[in-house]
Amino acid sequence: MTDKKYIIGIDGGGTKTDIALAVTACGQTDIITKKTFKASNPNDVGLNNALNVISDGLDDVISSSSLDINDIASVFGGLAGCISRGNREAFLELFQNKF
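Residues numbered from 1 in each chain as written. Predicted model: local features only at pLDDT ≥ 70, side-chain atom pairs only at ≥ 80, totals over all residues. Heavy atoms only, no water.

Caption draft 1: Examining the pairing of strand 2 (residues 17-25) more closely. A large share of strand 2 lies buried, amounting to 8 of its 9 residues. Inspection of the sheet shows strand 1 (residues 5-12) paired to strand 2 by 8 bridges, in the antiparallel sense. Bridge pairing in strand 2 links I7 to A22. Linkage of strand 1 to strand 2, two consecutive antiparallel strands, is achieved through a turn of 4 residues. Sheet analysis places strand 2 next to strand 3 (residues 28-37), joined by 9 bridges and oriented antiparallel. (Buried < 20%, exposed > 50% of the residue type's maximum accessible area, 1.4 Å probe, protein only. Helix = DSSP H or I, 4+ residues; strand = E, 2+ residues; numbered from the N terminus. Pairing = 2+ DSSP bridges.)

This is the structure in structure tokens:
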């Protein structure tokens, strides 16, 4: 039996946001789905818009699979503008509430 883990990677920036769902097992990682969404840098699009893009994108990617949000083992994000102007706390709250 393999020990599968489902992970999400987020690359959020000023022009677009990529969100990928992958499965890792037996030392190999395979992307299940990857989607592109609008920009999510809060310094460019505003904090609420950025949070909505990330939240809606996560919901979209997860719902396009047969997984439940509770099946996700880890989320990794590279998010432009996330640590400036106190944005860090808002992003942390989003991820804590979602997962």
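Don't stop here, the text continues.
Caption draft 2: The arrangement of the sheet that holds strand 2 in detail. Reading across the sheet, the 4 strands line up as 3-2-1-4 and stay open at both edges, with mixed pairing between neighbours. Whereas interior strands pair on both sides, the edge strands pair on one side only; in this sheet they are strand 3 and strand 4 (72-79). Direction aside, neighbouring strands of the sheet carry axes that sit 15° apart on average. (Axes fitted to C-alpha atoms, helices over the stretch in contact; angles between N-to-C directions.)

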